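# Residue-level structure breakdown
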Amino acid sequence: MKRRRKMAESSSTSEKRQKNSRGNTDVPPPMSSSSVPLTKELQCSICLDVLSNPVSTPCGHNFCKTCLNKCWDNSQTCNCPYCKETFKLRPDLKINTTLRELVVHYKNRNPEKKPEVLCDICEERKLKALKSCLVCQSSYCETHLEPHLRVTGLKKHKLINPVSNLEDYICQKHERPLELFCRDDQTIVCLSCTDGDHKNHNTVPVEEMIQDTQQMIQDRIRKIQDIKHSAEVRKRNTEKEKAARVELFTDLIRSIERCQTELLEMMEEQQKAAEKQEEELIEELEQEITELKMRNTELEQLSHTEDHLHLLQIYSSLCRSRNTRDWPEISMKTDESLETLRRALTQLQDTLLKKFTQTELKRIQQYAVDVSLDPDTAHPNLILSDDGKQVIHGDIWQKLPNPKRFDTCQCVLGKEEFSSGRFYFEVQVKGKTGWDLGVAHEFINRKGSITLNPNNGYWTVILRNEKYFACDNPPAPLPLRVKPQRVGVFVDYEEGLVSFYDAESSSHIYSYTAQSFTGKLYPYFSPYLNNKGKNSAPLIIRPFNYNK
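Residue numbers here run from 1 along each chain, matching the order of that chain's written sequence. Confidence filtering applies because this is a predicted model: local features only for residues at pLDDT of at least 70, side-chain atom pairs given and counted only at 80 or more, and all residues used for totals across whole chains, interfaces and linings. With hydrogens and water set aside, each side-chain value is computed from the structure's full complement of heavy atoms.

## A closer look at the confidence of the model for the protein
For every residue, the predictor assigns a confidence score, pLDDT, that lies between 0 and 100. With 80% of its residues at a pLDDT of 70 or more, the protein has an overall mean of 81. A run of H or I in DSSP becomes a helix once it reaches four residues, and a run of E becomes a strand once it reaches two; helices and strands are each numbered from the N terminus. Between the elements of the protein, mean pLDDT differs from a low of 36, seen in helix α2 (residues 14–18), to a high of 98, seen in strand β22 (residues 521–526). In what follows, a contact means two residues having at least one pair of non-hydrogen atoms within 4.5 Å. A low-confidence stretch, residues 1–37 (pLDDT under 50), is modelled with 68 contacts involving residues beyond four sequence positions or located in other chains.

Shown next as structure tokens:
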């Protein structure tokens, strides 16, 4: 009877509720069990049960807080039990309040042992309830549900699949259905709450919040899949590059070994020839010594006679005897041959090094990107071309207030930002007596004087007074054989590598290695001072087509 009176009261006040009620008998309410099916997003992959006090790992997977803590307590490393991603530091786990609210309502709508809900109106033999009304807070069998399907006022009531715990779906303060989600306070509220504690808060229907959350989960799943796919592609590309480099180095090693073998064979042949020459010389010298001794004996014998004619003949024969070879001359020729071999080996090594650099430069030029200058960062004395590809230092200070500008050093950054991967660009420096090129970190100091080095967020090579330097710690002079006319800049973000090349001669200039990049990197340029027209040539970003 109490339930009947409540139904009657609700019927008499249905017109008042019509203004705020959002449901009808034809549309399943947001709290029906069909609205929140149990998916793997609501299930802990450790205990395989519905999440309890859900927490999220940095990789985006959800677990029971207790399960995850126990898992990490029993392991020397902290990794995601689902995708196995390892975290260097143990994450500070916070309860995912939005997910917890969804889990609570899922559990309310999907009890493990769902009891049979009976009609509250039936008096004698209670029949199984077909629907529960959140407004009347009663459950009805098919017969007693009929007024809600017919009466205009009752049609506006919210009907859900029958539940025995209707009080969990009702605001305890206002006794109205919980049908809104407050984004500000991360909780579910009724319409009356939006006129009180949650006034002016950002609220949305529960079903919309559920859809948004499920969409966020799906988006993150797709993002994880994209990351894994990118990792696989990067791994395949890396394996290809490794194979190409191994093949290149193998060819170089074989060439060096072949040259070394040829050099050793040549040296051995030279040694054998020298030894043979020495033996022949010694044999001839010994023969001449024997002949000289014989003639000396004859001279001694004839010296006691007056046979002057015979003495004269012996003397003449001695004068006509063959001259011995000059041994120092032979030694000098052998040394000259060795020096020729050394020069040949050096030339071969230079050729192999140039071949390797050309191959390496051709490989990294595959990562060429289109770079343009950012006028918002340019020093007021710099003049940029309309297409953003050239910059010179002018003599007129332009009134261009912008907090991004360099206000003391004649510098400008590129528009493009890079926070991963590899990129390459080329800049023409022909005709200049001073310039700076490289990359810079997004948080560099752009005000006042700056010091170019990696500690300050700059990885650069510069030209000053016909001398080239890498602005490392400490600065490194660069004894370049050829003055570069076009400089290539290559960055491998993950490897922490910044390399500079003479793009015309395909020679390596300098490399910063083992750097730890975080945040965004920007191309960095400086045409340096005009120097009364001596350094008026522009820096020109050259378009690069790898397939040219």
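Right, picking up where we left off after that structure.
## Re the sheet that holds strand β23 (residues 539–542)
Two strands form a pair only when DSSP identifies at least two bridges running between them. Taken in spatial order, the 7 strands line up as β11-β12-β23-β14-β19-β20-β21 in an open sheet, and their pairing is antiparallel. Only two strands of the sheet have a single neighbouring strand rather than two, namely β11 (382–384) and β21 (507–512). With strand direction ignored, the average angle separating the axes of adjacent strands in the sheet is 20 degrees. Of the strand pairs in this sheet, strand β12 (residues 390–393) and β23 are connected by 2 bridges, and their pairing is antiparallel. Considered in β23, the bridge of V391 is made with L539. Lines fitted to C-alpha atoms define the axes here, with helix axes fitted over just the stretch in contact, and angles between the N-to-C directions of these axes take values from 0 to 180 degrees.

## Looking at helix α3 (residues 65–73)
Burial here depends on accessible area, computed with a 1.4 Å probe over protein chains only, as a share of the maximum for the residue type. Under 20% is buried, over 50% is exposed, and the range in between is partly exposed. For α3, the full list of buried residues reads C67, L68 and W72. Looking down the long axis of α3, one finds its buried residues gathered within 125 degrees of arc, a one-sided arrangement. Exposed side chains of α3 directed beyond 90 degrees from the buried face belong to K70 and D73. Residues of α3 that are buried sit in contact with β1 (54–56), β2 (62–64), β3 (78–79) and β4 (86–87). Comment: arc refers to directions from the helix axis out to C-beta atoms.

## Examining helix α4 (residues 97–109)
Multiplying one less than the number of residues by 1.5 Å gives the expected span of a helix. The first and last C-alpha atoms of α4 sit 18 Å apart over 13 residues, in line with the 18 Å expected at 1.5 Å per residue. All buried positions along α4 are accounted for by T98, L99, E101, L102, V103, H105, Y106, N108 and R109.

## Some details on the pairing of strand β15 (residues 434–441)
Counting buried positions along β15 gives 8 out of 8 residues, so the element sits mostly inside the fold. Going residue by residue along β15, you find G434, D436, G438 and A440 tucked away on one face and W435, L437, V439 and H441 tucked away on the opposite face as well. In the sheet, β15 pairs with β22 via 6 bridges, with the strands oriented antiparallel. From the neighbouring strand, V439 faces β22, where its bridge partner is P523.

## Description of the nonpolar core
Core analysis: the biggest nonpolar cluster contains 48 residues, and W435 and F525 have the highest contact counts within it. Among the elements that take part in this core, strand β16 (residues 458–464) stands out by supplying 5 residues, more than any other. Among the buried residues, those of types Ala, Val, Leu, Ile, Met, Phe, Trp, Tyr and Cys that are joined through side-chain atoms within 4.5 Å form a nonpolar core. The next biggest cluster of nonpolar side chains, apart from the first, holds 18 residues, and it includes L51, F63, F87 and L93.

## Details of the environment of T194
Locating T194 in the fold gives a position in the loop between β9 (187–189) and β10 (203–205). Sequence separation between T194 and C182 is 12 residues; the distance between their C-alpha atoms is 8.9 Å. Within 3.5 Å is the distance limit for a polar contact, defined as a pair of N or O atoms, with the added protein rule that one can donate a hydrogen and the other accept it, and that residues adjacent in sequence qualify only through two side-chain atoms. Reaching out from T194, the side chain makes a polar contact with the backbone oxygen of L191 at a distance of 2.4 Å.

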